Amino acid sequence: MSIQNFETILFDLDGTILDTAPEFNYCINILLTEKQQPAAESELFRSTISLGAREMVRQAFQLSHDDQNLDALLKDFLALYISHLGQRTVFFPEMDKVIQTLEDQNIAWGIITNKSHRYTDPLLAMFPLLQKAACVVCGDTLSTQKPDSAPLLHGLKIINKAPHTALYIGDAKTDVEASQNAGTKSMVAEYGYIPKNENPKHWQADFYIQKPEQLLEIC
């Protein structure tokens with residue numbers, strides 16, 4: 001199959017289009033240093049990003065899920081993140097070329113992320129190419145998030161495309177589940193932030209890629 005088999009390509013953001021790991025790692029290490037804790041190993045920390053900010057903080061500080069200090073540390077972490085937003089984030093290699101190819105071939109594409117508008121909007125503003133997205137659905141656009149199907153279906157409604165004509169690509173099990181729930185084809189970005197204890201092949205996605213440019217070759 002080729003990219004022309006799909007009318008719409010929907011993307012997750014962190015770990016799929018943008019490599020935000022250096023930024024998150026930088027912010028968590030500032031916080032760890034302030035609290036006189038050892039720095040987080042970049043590769044180990046990278047595998048927690050798809051689990052969300054709360055889990056990033058919890059694992060970096062090695063806290064229990066109900067630790068009374070977790071909420072305050074999370075607030076401090078998010079404050080650091082917003083103050084450093086976009087300073088260390090880059091496209092994954094060749095991803096900008098992939099999106100430009102979609103633009104050139106008039107294939108509709110959009111972004112469906114669980115990241116809230118507070119962080120998504122200013123980040124996208126730093127990448128002019130991403131401002132061309134036909135839809136951007138964030139974690140607080142609706143009352144539900146992935147793996148619920150609603151964000152994908154909302155994005156497709158904005159673009160006026162049917163689920164069976166679309167492909168959704170992400171780096172988390174919840175992305176595959178959201179795709180399956182919505183009735184789109186699913187693709188896993190294995191170059192993304194996959195937890196060390198996860199085997200993405202068990203998620204039963206339709207396609208798997210190890211680098212962004214493969215999106216144009218095998219979907």
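Every chain begins its residue count from 1, and numbering advances along the sequence as written. Totals for whole chains, interfaces and linings use every residue, but because this is a predicted model, local features are given only for residues with pLDDT of at least 70 and side-chain atom pairs only at 80 or more, for both listing and counting. With hydrogens and water set aside, each side-chain value is computed from the structure's full complement of heavy atoms.

1. Some thoughts on the packing of helix H4 (residues 70-83) against helix H6 (residues 117-125)
- A fitted line through C-alpha atoms represents every axis, and for helices the fit uses only the stretch in contact; the resulting angles, taken between N-to-C directions, go from 0 to 180 degrees. In this text, helices come from DSSP runs of H or I with a minimum length of four residues, and strands from runs of E with a minimum of two, each type numbered from the N-terminal end. Relative orientation of the contacting elements H4 and H6 amounts to 20 degrees, with a least axis distance of 11 Å. One element, H4, and the other, H6, form an angle in the roughly parallel class. For the pair H4 and H6, the crossing hand works out as left-handed. Where H4 approaches H6, its residues Leu78, Tyr81 and Ile82 are matched on the opposing element by Arg118, Tyr119 and Leu123.
- Note on residue categories: nonpolar means Ala, Val, Leu, Ile, Met, Phe, Trp, Tyr, Cys or Pro, charged means Asp, Glu, Lys or Arg, and polar means any other residue, Gly included. For the contact of H4 with H6, the class distribution of residues is five nonpolar, no polar and one charged. Roughly parallel means an angle under 35 degrees; roughly antiparallel means over 145; roughly perpendicular covers 65 to 115; every other angle is labelled oblique. Handedness of each helix crossing follows the sense of rotation of the near helix against the far helix: counterclockwise by less than a right angle gives left-handed, clockwise gives right-handed. Here, two residues are considered to be in contact whenever any of their heavy atoms come within 4.5 Å of each other.

2. Considerations on the sheet that holds strand E6 (residues 166-170)
- Whether two strands pair depends on DSSP finding at least two bridges between them. Pairing is parallel across the open sheet formed by six strands, whose spatial order is E5-E4-E1-E6-E7-E8. Two strands close off the open sheet at either side, each with one partner strand: strand E5 (136-137) and strand E8 (207-209).
- Both E6 and strand E7 (residues 185-189) contribute to a ladder of four bridges, which runs parallel. Along E7, the bridge assignment pairs Tyr168 with Ser186.
- Each of E6 and E7 touches helix H8 (residues 173-182); the most contacted strand, E7, lies at about 170 degrees to it.

3. Observations concerning the pairing of strand E1 (residues 8-11)
- Taking every second residue as pointing to the same face, both faces of E1 are buried, with Thr8 and Leu10 on one and Ile9 and Phe11 on the other.
- One ladder, built from four bridges, connects E1 with strand E4 (residues 108-112); its direction is parallel. Residue pairing across strands places Leu10 opposite Gly110, the latter belonging to E4.
- Across four bridges, E1 lies against E6 in parallel orientation. Residue pairing across strands places Phe11 opposite Ile169, the latter belonging to E6. A 1.4 Å probe rolled over the protein chains alone gives each residue an accessible area, and that area as a share of the maximum for its type sets the label: buried under 20%, exposed over 50%, partly exposed in between.

4. A short note on the side chain of Thr16
- Note that Thr16 resides in the loop between E1 and strand E2 (18-19).
- Residue Thr16 is classed as buried on the basis of its relative accessible area of 0%.
- With residues near it in sequence (within four places) discarded, Thr16 still touches Phe11, Phe92, Met95, Ile169, Gly170, Asp171, Ala189 and Tyr191.

5. Overview of the nonpolar core
- What is meant by a nonpolar core is a set of buried Ala, Val, Leu, Ile, Met, Phe, Trp, Tyr and Cys residues, joined one to another through side-chain atoms within 4.5 Å. Within the largest apolar cluster, 52 residues are counted, with the highest numbers of intra-cluster contacts made by Ile9, Phe11 and Ile17.
- When neighbours within four sequence positions are excluded, Ile17 is seen to be in contact with Phe11, Asp12, Val90, Phe91, Phe92, Met95, Ile99, Ile111 and Leu130.
- In terms of nonpolar packing, the next biggest core, distinct from the first, is built from twelve residues, Val137, Leu156, Tyr168 and Ala178 among them.

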